[in-house]
Amino acid sequence: MTRAACLLGLIALAILMLIEVRLDGATATIFSFVGIPALAVAVGLYLLHRWRAGAFHFTGASRPPTS
Amino acid sequence: MSPAPAGPLFISPPVEPTVDWLRLLPILVALPAAAILTWGLVRGRLPPAAAVAGLVLPVAAYALGMLMVMEKSKEAQFCGSCHVMEPVVKSLDATDGSSLAAIHYTRGLVPTGEACYTCHSGYGIWGTFDAKMAGTMHMLRTATGIYDLPLKLNGSFDINSCLGCHAGAASFRAVEAHQAPDLQEALLNHTMSCTGTCHPAAHPETALTGGNAPT
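Just so it is clear, the model here is predicted, and its values are computed rather than measured.

Trainee: What's the story with the overall build of chain A in this structure? I'm lost.
Mentor: Helix and strand counts for chain A stand at two helices and zero strands. Out of the 67 residues belonging to chain A, those deemed buried represent 28%. Taking the contacts inside chain A whose residues are at least 6 apart along the sequence as the reference set, 61% of them involve residues at least 24 apart.

Below, the structure is given as C-alpha cells:
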C-alpha cells in the first residue's frame, strides 16, 4: 500500500512539473482533475495504511503522571 | 492575438527581471518530495520522519502549485489557450468598436494582460472565489465537451464589474440616460443589460460560436 501511495504521489508531482513547464488550459485541467485527486488518493492510502498498522487509534492512554 | 509593435514604450509596466518565486517554490518543495516518494516506492516503507515529510511536502508543493495556477490563470493568454475561447480572445484585438470587450481592451481601459479576469470576476475575496469556481467548471465542461455553441453567460452579468470603474466616472454620470431612476433600477435588478440595447454586445457572435458564423 505504501508503494501504491508513493507511486500516486509521484504521478501527482509529475503533473505538477507539467504545469511548471507549460501552463495552459489543458495542463491546468490535468492538474485539477487528475493531479489533485491522485494526490488525495495517495494521502488517503497512506493514512489508511498507517491506521491499519495501529496509528491514530484512541486508546485512552495519556502521558504518565509527572508527580 | 496580432503581433504587438516592438519598443520599450509598449512594455507596461517596465519591471526589473526578478526571480519568479511563484513558479520556483513549487519546484523547490516538489524535488525533495519526489526523492522521498521514490525512496518509498523502491523500499516499500519509509522511516517515520521521512514518512511525515513524504506526506507534508507533496501537499505543500501542490498548495504552492495551486497558488501559481490561481495567479497565472488570470492571464488572457491562459483563457485563450482553450480551443473554444480562442476566437473570443482573438476578437479583443478588433478596433472597429464591434464589441464592448474589444473597446475596453484596445483602449487600455482594462489591464490588457488580465482583461478577461477583470470583467468576469466580482470584487473582493468572494468575487475571486466565484470566478475560480466558474473557471473550474469551464475546464470540466471543456474537457468533457458538455457545452453548447454559441457560448452563453451562465446567469446574468454582474454589473458591479462595470460599476467598479464607471460608477464614479464623471463622463458616466453625465449621460442623461444613466440618470433615469427606472433605468438604474432595471440595470441593478438585471432586468436590463448594458449590452445589446445601448452598448454593443460584450463579445461578437462569431467568436461565441467558435469562430463560425452564427446559424
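Trainee: I keep staring at helix H1 (residues 2–21) of chain A and nothing clicks. Help me out?
Mentor: The periodicity of an α-helix, 3.6 residues per turn, causes residues three or four places apart in sequence to face the same way. With 20 residues, H1 of chain A extends 29 Å between its outermost C-alpha atoms, agreeing within 8% with the 28 Å of an ideal straight helix rising 1.5 Å per residue. Those residues of H1 of chain A lying buried are Ala5, Cys6, Leu8, Gly9, Ala12, Leu13, Ile15, Leu16 and Ile19 of chain A. Looking at the packing, one finds that the buried side of H1 of chain A touches helix H2 (25–52) of chain A together with helix H1 (21–43) and helix H2 (48–72) of chain B.

Trainee: Just checking my understanding: could you explain the environment of glycine 145 of chain B for this structure?
Mentor: Turning to its location among the elements, glycine 145 of chain B is positioned in the loop between helix H7 (124–144) and helix H8 (160–166). For the pair glycine 145 of chain B and glutamate 75 of chain B, spaced 70 residues apart in sequence, the C-alpha to C-alpha distance is 23 Å.

Trainee: What exactly am I supposed to notice about the nonpolar core here?
Mentor: Across soluble globular proteins, nonpolar side chains show a tendency to be buried alongside one another. Counting 49 residues, the largest nonpolar core has Ala12, Leu13, Leu16 and Ala42 of chain A together with Ala30, Ala33 and Ala61 of chain B as its most contacted members. Sort the elements by how many residues they give to this core and H1 of chain A lands first, with eight residues. Every residue in contact with leucine 16 of chain A, bar those within four places of it in the chain, is listed here: Gly35 of chain A together with Pro26, Ala30, Ala61, Tyr62 and Gly65 of chain B.

Trainee: When you look at the environment of proline 150 of chain B in this model, what are you seeing that I'm missing?
Mentor: All names here are of chain B. Position of proline 150 among the secondary structure elements: in the loop between H7 and H8. Overall, the presence of 14 C-beta atoms within 10 Å leaves proline 150 in the partly exposed class. Sequence separation between proline 150 and glutamine 77 is 73 residues, and the spatial gap between their C-alpha atoms is 21 Å.

Conventions adopted
Residues numbered from 1 in each chain as written. Chains lettered and ligands numbered in written order. Predicted model: local features only at pLDDT ≥ 70, side-chain atom pairs only at ≥ 80, totals over all residues. Helix = DSSP H or I, 4+ residues; strand = E, 2+ residues; numbered from the N terminus. Buried ≥ 20, exposed ≤ 12 C-beta atoms within 10 Å, placed from the backbone. Contact = placed C-beta atoms within 7 Å. Expected span 1.5 Å × (residues − 1). Core = buried A, V, L, I, M, F, W, Y, C linked by C-beta atoms within 7 Å.

Shape is all these values report; function is a separate question.
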